[in-house]
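Residues per chain are reported as follows:
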Amino acid sequence: MPAVHTVLVVGSGLAGTAAAIHLADHGVAVDLIEIKPDITAIGSGITLQGNALRELRELGVWDAVQAHGYSFDSLGLRAPDPAGTLLAEIPDVRTGGPDLPATVGMPRPDLARILHERAGSAGVKIRFGLTVTTVAQDTSGVDVTFSDGSTGRYDLVVGADGIRSAVRRLLGIDPEIRPTGMGIWRAFGPRPASVTRTDLFYGGPSYIAGYCPTSEDTLYAYVVEDARDRSGLSPAEQLATMRELAEAYHGPWDDVRATLTDASRINYTLFETHVLPAPWHRGRVVLIGDAAHSCPPTLAQGGAQALEDAAVLTELVLAAETLDDRVWAEFADRRCARAATVVEASVQLGQWLLDREQGDVPGLIGRIAALVAQPA
């Protein structure tokens, strides 16, 4: 008999929804709750590397992801000069294996919808606009109070509710969430024909200016600058600021910039990071995804690491007859160091840019690619 029969998953991002699907596919009764009002509130665009695609295939959604996303196998590096000169086209490592693309870009709401539909078909009960307010546990289960006043009891609670996790706070875990010193402007819009992969422009007035195709018709574009308080800008001012920063970049950026006309499609966030030391659980409550480790987007591995957390956790829980120290020790052994290595590398890439230091970027990227190409 499996160690758990009823599970509450808090947070319906990649980590939470993936964990819910894996568990429900094996007969576990899963409640999945999400504080956001619906899936359309979940982000703009996402870059999925091969190891993320490998996990999505295991979840049974690869065909839908491939149909709704945009696949490519190389990375372009361009100069911040008047021509947007292509300096190099680098083949990407297929970290998910030779039968999957190196990278897929897609709209986050589309990915969320695909995963939520898959979870629903597996029998997961999904509720939006809901979180947890109290958690009390004993040796056999966890009693939970929800934000609507209702209650429940579960064999296991999975906190997958993001960098400012309510579940983590209820456990009394208060990590230092550290700004890295960078801020990112993102825009979601139509894909010009000139954009067929991710290109990165280093230098100019910003650290990085890039874009990623997310479907035949859409892309998301981004500009990374020094972190600053942009909260006082109106939507129109935000749009004007991103367009102004993007004026320094050319080639396909000229086509992208011409599409930046909708202020509602612009957002600005700061790069932040943290990694919880092992263990990531307290009794029968465990943290995964951004609740346990948050990865700046410089390596585009945040989603992949969340999916890996879910896969390893559920594999171990489903194979166990009791939820004991052996399960948690193996989970920590397989996930903590790997996730920390990826986060540290993502932070290091940004720090080299902040310090104007010529670090071994190809070497670092190669080491992480070799690591994540191995199954979690």
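For the structure, check the block above.
Please read these numbers as outputs of a predicted model, since none were measured by experiment.

Peer 1: Any chance you could explain the overall build of the protein here in plain terms?
Peer 2: Within the protein, the regular secondary structure consists of 10 helices and 20 strands. In terms of overall size, the protein behaves like a compact globule, its C-alpha atoms giving a radius of gyration of 21 Å where 376 residues would be expected to give roughly 21 Å. Overall size of the protein, expressed as C-alpha extent along the three principal axes, is 65 × 45 × 40 Å. A total of 376 residues make up the protein; the buried ones form 56% of that total.

Peer 1: Teacher, can you tell me more about the packing of aromatic side chains here?
Peer 2: Considering all chains together, one arrives at 6 aromatic pairs under this definition. Judged by centre distance (6.1 Å) and plane angle (65°), the ring pair of Tyr211 and Trp253 falls under edge-to-face. On the criterion of sequence distance, the pair formed by Tyr211 in strand 15 (residues 208-213) and Trp253 in helix 7 (residues 252-258) is long-range, its members being 42 residues apart. Arranged with centres 5.8 Å apart and planes meeting at 80°, the rings of Trp280 and Phe331 form a pair that is edge-to-face.

Peer 1: Please clarify how the pattern of salt bridges should be interpreted in this entry.
Peer 2: A pair can form between side chains of opposite charge whenever their charged atoms are brought close. Tallying each qualifying case throughout the model produces 22 salt bridges. In this structure, the salt-bridge partner of Asp99 is Arg57, at a minimum N-O distance of 2.9 Å. One end of the pair, Asp99, is in the loop between strand 6 (86-91) and strand 7 (103-107); the other, Arg57, is in helix 2 (residues 50-58), with 42 residues separating them in the sequence. Under the relative-accessibility criterion, Arg57 is labelled partly exposed at 32%. Between Glu117 and Arg113 there is a salt bridge; the shortest N-O distance is 3.6 Å. Of the two residues, Glu117 and Arg113 are both situated in helix 4 (residues 108-122); the distance of 4 residues between them amounts to about one turn of the helix. Looking at Arg113, the relative accessible area reads 25%, which means it is partly exposed.

Peer 1: Just checking my understanding: could you explain helix 8 (residues 302-319) for this structure?
Peer 2: Note on helix geometry: an α-helix contains 3.6 residues per turn, so any two residues three or four positions apart are oriented the same way. Along its 18 residues, helix 8 runs 26 Å from first to last C-alpha, staying within 8% of the 26 Å computed at 1.5 Å per residue. Among the 18 residues that make up helix 8, 14 are buried, leaving the element largely enclosed by the rest of the structure.

Peer 1: What exactly am I supposed to notice about the sheet that holds strand 15 here?
Peer 2: Whenever strands of a sheet pair, they do so through backbone hydrogen bonds, lying parallel or antiparallel. Strand order in this open sheet of 8 strands is 6-5-14-15-16-13-17-20, and the pairing throughout is mixed. Here the strands that pair on one side only, and so sit at the sheet edges, are strand 6 and strand 20 (293-294). Pairing analysis gives 4 bridges linking strand 5 (residues 74-78) to strand 14 (residues 198-202), with the strands arranged parallel. Its bridge partner being in strand 14, Leu77 is matched across the sheet by Leu200. Packing against the sheet, helix 6 (residues 235-246) makes contact with strand 13 (178-190), strand 16 (218-226) and strand 17 (266-275), and its axis sits at approximately 95° to strand 13.

Peer 1: Got a minute to help me understand the environment of Phe128 in this structure?
Peer 2: With respect to the element layout, Phe128 can be found in strand 8 (residues 125-128). In this structure, the C-alpha to C-alpha distance between Phe128 and Ala193, residues 65 residues apart in sequence, is 37 Å. Aside from chain neighbours lying at most four places away, what touches Phe128 is Ser12, Glu34, Lys36, Pro37, Asp38, Ile39 and His116.

Peer 1: For this particular structure, what's the right way to read helix 2?
Peer 2: A large share of helix 2 lies buried, amounting to 7 of its 9 residues. With its phi angle positive at about 80°, Gly60 sits one or two positions after the end of helix 2.

Peer 1: Explain the environment of Val347 to me, please; I cannot follow it from the model alone.
Peer 2: Tracing the sequence through the fold places Val347 in helix 9 (residues 325-354). In this structure, the C-alpha to C-alpha distance between Val347 and Thr180, residues 167 residues apart in sequence, is 7.2 Å. The residues contacting Val347, other than those within four sequence positions of it, are Arg178, Thr273, Pro296 and Thr298.

Peer 1: Explanation requested: the sheet that holds strand 4 (residues 70-72) in the structure shown.
Peer 2: The antiparallel open sheet is built from 3 strands, whose spatial order is 3-7-4. Strands with a single pairing partner mark the edges of an open sheet, and in this sheet they are strand 3 (45-49) and strand 4. For this sheet the average axis-to-axis angle between neighbouring strands, irrespective of direction, equals 20°. When strand 3 meets strand 7, the two strands line up antiparallel, connected through 5 bridges. Bridging across to strand 7, Leu48 finds its partner in Val104. Contacting strand 3 and strand 7, helix 2 crosses the sheet at an angle of about 90° to strand 3. Relative to the sheet, helix 4 contacts strand 3 and strand 7, its axis offset from that of strand 7 by approximately 90°.

Peer 1: Mind showing me how you'd approach unusual backbone geometry here?
Peer 2: Trans peptide bonds make up the majority, and among non-glycine residues the majority have a negative phi. Across the junction of Ala278 and Pro279, the peptide omega takes the value 0°, indicating a cis bond. One non-glycine residue with positive phi stands out, namely Ala300, at about 55°. Its relative accessible area of 21% is what places Ala300 among the partly exposed residues. Phi at Arg356 is positive, roughly 55°, even though this residue is not glycine. With respect to the helices and strands, Arg356 occurs in the loop between helix 9 and helix 10 (361-373).

The rules behind these values
- Residues numbered from 1 in each chain as written.
- Predicted model: local features only at pLDDT ≥ 70, side-chain atom pairs only at ≥ 80, totals over all residues.
- Heavy atoms only, no water.
- Helix = DSSP H or I, 4+ residues; strand = E, 2+ residues; numbered from the N terminus.
- Rg over C-alpha atoms; globule rule 2.2 N^0.38 Å.
- Buried < 20%, exposed > 50% of the residue type's maximum accessible area, 1.4 Å probe, protein only.
- Phe/Tyr/Trp six-rings, centres within 6.5 Å; stacked < 30°, edge-to-face > 60°.
- Salt bridge = Lys/Arg side-chain N within 4 Å of Asp/Glu carboxyl O.
- Expected span 1.5 Å × (residues − 1).
- Pairing = 2+ DSSP bridges.
- Contact = heavy atoms within 4.5 Å.
- Axes fitted to C-alpha atoms, helices over the stretch in contact; angles between N-to-C directions.

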